[in-house]
Amino acid sequence: MTQTDTTAIRHADILIVGGGLSGTMLAVQLLRLPGRRKILVIEPRAELGRGEAYSAVELGHTLNGNAARMSVDPDNADDLTQWLTDHIAGGGWPESDQQHVPVSELFPPRGLFGVYVQQRLAEAQQVGAQHGSTVEHVRAEVIDVQASSDSVLLTLSDGQKLQGVFAVLATGMFPAARTPQKESSGLNAAALDPWDVAAMRQLDPQSTVLIIGSGLTMVDAVVSLEQAGHRGPIEVFSRHGLLPHVRRQPPAWVDFLAEDHSIRTPRQLLRELRRHCRDAIAQGIDWQAPLDTVRVHIGRLWNQASDVQRRQFVRHVRPWWESHHHRSPPLSAELVERLHRAGRLRIHAASYKGLEPASGEGVNIRIRPRGEAETRVVQGAALINSSGIEYDWRRVARPLPQQLLARGLVRPGPLALGIAAEVDGAVLDEEGRVSPRLFAMGPPLRGMWWESTAVTDVALQAKALAARLVR
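Quick look at the structure, then. None of these values were measured; they are calculated from a predicted model.

### Digging into the nonpolar core
- With 41 residues, the main nonpolar core has I16, L21, L80 and F113 as its most contacted residues.
- Secondary structure elements with two or more residues in this core: β1 (9-17), α1 (21-32), β2 (38-42), α2 (79-89), α3 (110-130), β6 (161-169) and α15 (455-470).
- When neighbours within four sequence positions are excluded, F113 is seen to be in contact with L21, Y54, L63, M70, V72, L80 and V455.
- Judged by nonpolar contacts, the second largest core, of 30 residues, contains I42, V142, A421 and M448.

Here it is as C-alpha cells:
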C-alpha cells in the first residue's frame, strides 16, 4: 500500500462496500456477534437496506417470492411472515388485493420489504450497542481500493479515505438499465428507467413503447407503465421470446437431489428434473413442486461442474431456466397476461441490434427476428432497457470495478460472471492468490454459485461471512 497522510484516514474494523441487502445483512450479522467492533457501510444512497431492488416505491412492484420464502434471518424461515403479521395488525400496509390470503403467501411490495430490512438493522444495532459494536452509514461511492497484508484502504468519491482490517465487496447487482457500459450501444442514454413511473407519465398514453428483454425487469416495466396510465401498445423483444412463469404455491415434493448424490452435472440435473415434473403432472400436482426442491442444491452443482458444462448450461439452458425458476409474482403476471390476451402487449423472439436515427420525437431500433438473416427497423415513442443484470465486471463502466480489475485485486469469476473467490468469500487476485483482507458476497459471486442474489442466499452468506471475519 502506498504511503498516505494517516491523519486524513478514518479507521474501522470492517468496511462494507455497498449498503443494499447484502451489505446490510452482513452488518446485522456482525452486530449480533459478541465483541466490540466498528463497522462502516459505504453506500451512496440516502438509506441502507434498499439497494437497487428495494428502493422501488410503487406498491405494484412486489417481491417475486412470497413471504415464506423471503426471510432475512437464516435461523428463522418465518421471520418475514411474523414481521408482516405485526405490521399489518398495526395498520402499516394499505388495503391490498393480496390480503385475502395467508400472510405467509403474500407478495409484499419491495419498498415495504426495505422497511423490514431496515427494522432488523435497527434491532441489531441495539444488540451491538450492548457490547460496544457500532455501524455507521458513510454516504459516498467507493472509487478505489488498495490492499496490503494487514489492511485495506478505500478512497471515496468525496475524497475521504477509510482504512479497515477487512473490507467486503457487497456491491449488489448492476442492472443493465442503470449501469454505464464500457462498450456502450447508446441504449441506456435513449431508454427510460424501467421503474421510473414519473417519467412514463410524460408519454402519450396511447403511444407505442418498445422494451428490450422479457424477464422480470420487463414485468416491472409493464407494471410501471400501467401505473403511469399508459394504455397503448407494448412491443417486447428478446432473443428467445420467453416470459417468466407465474410463481405459484405448490405442495411439497421429495428432495430428490438430497436422496441421489449421483446427480452431479447440469445435464443429469435437467434429465432428472424433467422426469420428476412429468411424474408430478401425472399425479395432478403442480410441476413447480419438483423445481422448488432444486434451489438449495444449485450452488453445489454449479460449483462442482466443469467450465465446459457451465458453458453448455448458459448457452443452451439458461433462458428456459430463468423463465421457469425466476418466476413472476401473481399480480404482475396477471397484468402481463391480461395485456397479452388483449393484444396490447406482444412478445417477439428477436435480437436487438442497435439504435437507428429517428426523425422528430420517438426512437427507432434495429432488430433481427429469431431464425431470420435480415434485420428490420421498429419505431416507437419510447424505449425501455429491461435486459436484466450485468454480471461481467469487465463491461461495467463504474470506478470501483474498473479500479479493482486494473490493480489486479480481483479477477473475473467463472465464465466472467462476477469475480472469483474462495468458498468463504475471500477474493482471488489476478494471479489466483487468496486475499487475506478483501472479501465478497452476494451478486459478485454469481460465477461461483450461479444463484447468489436471492434473499435466502444472501442471508446465509452474511451469517457465514460474519463468523469468518470475527474468528
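Still more ground to cover, so stick around.
### A word on the packing of aromatic side chains
- Counted according to the given criterion, the structure contains 9 aromatic pairs.
- Ring centres of W83 and Y116 lie 5.4 Å apart, and the angle between their planes is 50°; on these two criteria the pair is classed as tilted. With W83 in helix α2 and Y116 in helix α3, this residue pair connects regions lying 33 residues apart in the sequence. Per residue, the accessibility class of W83 equals that of Y116, and both read buried.
- Taking NZ or CZ as reference, R446 lies 3.9 Å from the ring centre of W450, over its face.

### Brief notes about the packing of helix α6 (residues 216-227) against helix α12 (residues 330-341)
- Between α6 and α12, the least distance of the axes is 10 Å, while the angle of their chain directions is 75°. Taken as axis vectors, α6 and α12 run roughly perpendicular relative to one another. Facing V219, V222, V223 and E226 of α6, the residues of α12 in contact are S332, L335, V336, R338 and L339.
- Here the contact of α6 with α12 is composed, by residue class, of 6 nonpolar, 1 polar and 2 charged.

### Focus: the packing of α1 against α3
- Their axes nearest at 8 Å, the elements α1 and α3 cross at an angle of 25°. By the criterion of interaxial angle, the relationship of α1 to α3 is roughly parallel. Along this stretch, α1 crosses α3, giving a crossing that reads as left-handed. Contacts between α1 and α3 involve L21, T24, M25, A27, V28, L31 and R32 on the former and, on the latter, F113, V117, R120, L121, A124, Q125, V127 and G128.
- Its residues assigned to classes, the contact of α1 with α3 comprises 10 nonpolar, 3 polar and 2 charged.

### A look at the environment of Q118
- Along the chain, Q118 falls in helix α3.
- The class for Q118 is partly exposed, based on a relative accessible area of 21%.
- Taking the C-alpha atoms as reference, Q118 lies 33 Å from Q202; in sequence the two are 84 residues apart.
- With sequence-adjacent residues up to four places away left out, Q118 is seen in contact with E47, L48 and R50.

### Focus on the environment of G51
- Assignment of secondary structure puts G51 in the loop between β2 and α2.
- Taking relative accessible area as the criterion, G51 reaches 6% and is therefore assigned buried.
- Leaving out residues up to four positions away in the same chain, G51 has contacts with G20 and R45.

### A closer look at the pairing of β6
- Taken across its 9 residues, β6 has 7 buried, putting it largely inside the fold.
- Alignment of β1 against β6, held across 8 bridges, turns out to be parallel. Bridge pairing links L15 to A167 in β6.
- For strand β5 (residues 152-156) and β6, the ladder comprises 4 bridges, and the chain directions are antiparallel. Following the sheet pairing, L154 is matched in β6 by L162.
- The sheet contact formed by β6 and strand β14 (residues 434-440) spans 3 bridges and is parallel. If you follow L169 over to β14, its bridge partner there is A440.

### Examining the pairing of strand β9 (residues 345-356)
- Bridge analysis of strand β8 (residues 234-238) against β9 gives 5 bridges, and the strand direction is parallel. Its bridge partner being in β9, F237 is matched across the sheet by H348.
- Here β9 pairs with strand β10 (residues 363-369) via 6 bridges, running antiparallel. What sits directly across from S351, in β10, is R368.
- Hairpin connection, β9 to β10: the antiparallel pair is bridged by 6 residues, and G360 has positive phi, about 75°.

### Structural notes on the sheet that holds β9
- The sheet built from 6 strands is open, its strands ordered β11-β10-β9-β8-β7-β12 with mixed pairing. One side of each edge strand has no neighbouring strand; the edge strands of this open sheet are β11 (376-380) and β12 (382-385). Ignoring which end each strand starts from, the neighbouring axes of this sheet average 45° apart.
- Packing against the sheet, α12 makes contact with β8 and β9, and its axis sits at approximately 90° to β9.

How each quantity is defined
Residues numbered from 1 in each chain as written. Predicted model: local features only at pLDDT ≥ 70, side-chain atom pairs only at ≥ 80, totals over all residues. Heavy atoms only, no water. Core = buried A, V, L, I, M, F, W, Y, C linked by side-chain atoms within 4.5 Å. Buried < 20%, exposed > 50% of the residue type's maximum accessible area, 1.4 Å probe, protein only. Helix = DSSP H or I, 4+ residues; strand = E, 2+ residues; numbered from the N terminus. Contact = heavy atoms within 4.5 Å. Phe/Tyr/Trp six-rings, centres within 6.5 Å; stacked < 30°, edge-to-face > 60°. Lys NZ or Arg CZ within 6 Å of the ring centre and 35° of its normal. Axes fitted to C-alpha atoms, helices over the stretch in contact; angles between N-to-C directions. Parallel < 35°, antiparallel > 145°, perpendicular 65-115°, else oblique. Nonpolar A, V, L, I, M, F, W, Y, C, P; charged D, E, K, R; others polar. Left-handed = near helix turned anticlockwise from the far one by under 90°. Pairing = 2+ DSSP bridges.

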